[in-house]
Amino acid sequence: MTPHDEWDYDGVNEMVLVDQKIDGEERRLLVHLDRNGFSYTLDRVTGELLVAEKFDPIVNWATHVDMETGRPQVDPRYSTHQNGQDVNTTNICPAALGSKDQQPVAFSPRTGLFYVPANHVCMNYEPFEVSYTAGQPYVGATLTMFPGGKVLWDGSTHLGRFFAWDAREGKIVWEIPERFSVWSGTLATAGDIVTYGTLEGYLKVVDAKSGRELYHFKTPSGIIGKVMTYQHQGKQYLAVLSGLGGWAGIGMAAGLQGETEGLGAVGAYRSLEDWTNLGGTLTVFTLP
């Protein structure tokens, strides 16, 4: 997805197989929301690229994807290679952790939508020459990260988003801004609810069709785990493991303080310690 990757946009994200109608024709699709900020919808039988659209409007490292070749068209202003070694290329969006990292989406065949936990983070990126030493970090760049834009009701800027995505048209249906990156997995149920967790530690339940919040609960630590559901003796339960960590939580988890540590994540998520704690707790809920 990102040839000659200059920004660390490894395409590690899941690829989801769904069957949906496009222009009235039933297609066997592969849908992939990539770290680089573009969502791809392909016909998984023929390999035809059907949709390639930005799923965060702040994405600027490329202007668009060439639909014939699938190749992103890089904006030279944000090319760390073209700008060169020891040059600090500023305001690249998304940051190295991507518009979405490994946190998985959910798909509801009832609504036909994908539910996406996402980041809303940009970066400055300065490459430098580095020699490989076994067992040591091998990055060769200094990064700082910062929020991607919009101001929340309390005056803070947001680092995360949760949204519903129509992969047939490549468009956002509804969106919820979040103070920090949504680093948890997502669950969509046949009861038309969608659940996800936040880095502050909230489990949130929203309406799958509208995004309206139905319920939230503060767990003891930040949630980067995946929400699950199961049935026992006729009752349905939801469960989630909370325990802060991962790239976004590395500052608290590893006790780091430097602005550029954790490849820049420490500076971006410094205020997280004001909102949650370290720990590890399984919280289980029953549905009425």
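Residues numbered from 1 in each chain as written. Predicted model: local features only at pLDDT ≥ 70, side-chain atom pairs only at ≥ 80, totals over all residues. Heavy atoms only, no water.

### Here's the deal with the overall build of the protein
Basically, it comes down to this: Each helix corresponds to a stretch of at least 4 residues labelled H or I by DSSP, and each strand to a stretch of at least 2 residues labelled E; elements are numbered beginning at the N terminus. Any residue under 20% of the maximum accessible area for its type is buried, any over 50% is exposed, and the rest in between are partly exposed; the area is computed with a 1.4 Å probe on protein chains only. In this analysis, two residues are considered to be in contact whenever any of their non-hydrogen atoms come within 4.5 Å of each other. Under the counting rule used here, the positive set is Lys and Arg, the negative set is Asp and Glu, and His together with the chain ends is not counted. Where a charge sits is defined by one atom per residue type, namely NZ (Lys), CZ (Arg), CG (Asp) or CD (Glu).
For the protein, the helix and strand inventory stands at three helices and 20 strands. Referenced to the eigenvectors of the C-alpha coordinate spread, the extents of the protein come out at roughly 60 × 50 × 40 Å. Here the protein holds 288 residues, and the buried ones make up 51% of them. Pairs at least 24 apart in sequence give 52% of the contacts found in the protein among residues at least 6 apart. The average position of the 22 basic charges and that of the 34 acidic charges among the side chains of the protein differ by 9 Å.

### Things to note about the sheet that holds strand β4 (residues 49-54)
Put simply, the test is: For two strands to be treated as a pair, DSSP must find no fewer than two bridges joining them. Think of each axis as a best-fit line through the C-alpha atoms, taken over the contacting stretch in the case of a helix, with angles from 0 to 180 degrees between the N-to-C directions.
Strand order in the open sheet formed by four strands is β1-β2-β3-β4, and the pairing between neighbours is antiparallel. If you trace the sheet from one side to the other, it starts and ends with β1 (16-22) and β4, each paired once. In this sheet, adjacent strand axes meet at a mean angle of 30 degrees when their direction is disregarded. In this sheet, β4 lies alongside strand β3 (residues 38-43) in antiparallel orientation, the contact comprising five bridges. Within β4, the residue paired with Leu 42 across the bridge is Leu 49.

### What about the packing of aromatic side chains?
The line we're drawing: Between 30 and 60 degrees the pair is tilted, below 30 it is stacked and above 60 it is edge-to-face, where a pair is any two Phe, Tyr or Trp rings, Trp via its six-membered ring, whose centres lie within 6.5 Å. Charges are assigned to positions over rings by a cutoff of 6 Å between ring centre and Lys NZ or Arg CZ, combined with an angular limit of 35 degrees from the ring normal.
One pass over the full model with this rule turns up 15 aromatic pairs. An angle of 45 degrees between the planes, with centres 4.8 Å apart, marks the rings of Phe 107 and Phe 114 as tilted. Among the aromatic side chains, those forming a connected cluster through ring pairs are Trp 7, Tyr 9, Phe 38 and Trp 61. The ring of Tyr 202 carries the charged tip of Lys 218 above its face, separated from the ring centre by 5.7 Å.

### Some remarks on the state of the cysteines
Using the following cut-off: What counts as a disulfide here is a pair of cysteine sulfur atoms lying within 2.5 Å.
What the rule picks out here adds up to one disulfide. Between the sulfur atoms of Cys 93 and its disulfide mate Cys 122 the distance is 2.0 Å. With the S-S bond torsion at 105 degrees, the cross-link from Cys 93 to Cys 122 turns out right-handed. Of this pair, Cys 93 sits in the loop between β7 (89-92) and β8 (106-108) while Cys 122 sits in strand β10 (residues 121-127), placing them 29 residues apart in sequence. Take Cys 93 and Cys 122: they sit in the same class, and that class is buried.

### Digging into a nonpolar patch on the surface
Quick note on the threshold: Patch definition: residues with relative accessible area over 30% and no salt bridge; like charges joined within 9 Å; nonpolar side chains (Val, Leu, Ile, Met, Phe, Trp, Tyr) joined within 5 Å. Per-residue and other accessible areas were derived by the Shrake-Rupley procedure at a 1.4 Å probe size, with only the shown protein chains allowed to occlude residues. By definition, a salt bridge exists where a carboxyl oxygen of Asp or Glu is found within 4 Å of a side-chain nitrogen of Lys or Arg.
Together, Met 228, Tyr 230, Leu 241, Leu 282 and Val 284 give the surface a local cluster of nonpolar side chains, amounting to about 460 Å² of exposed area. Of all the secondary structure elements, the ones that give two or more residues to the nonpolar patch are β18 (228-232) and β20 (281-286).

### Here's the deal with the pairing of β10
Within β10, six of the seven residues are buried, which leaves the element mostly enclosed by the surrounding structure. Examined bridge by bridge, β7 and β10 share two bridges and lie antiparallel to one another. Within β10, the position partnered with Ile 92 by the bridge is Met 123. Note that β10 and strand β11 (residues 141-147) share seven bridges and pair antiparallel. Counted as the bridge partner of Pro 127 is Ala 141 from β11.

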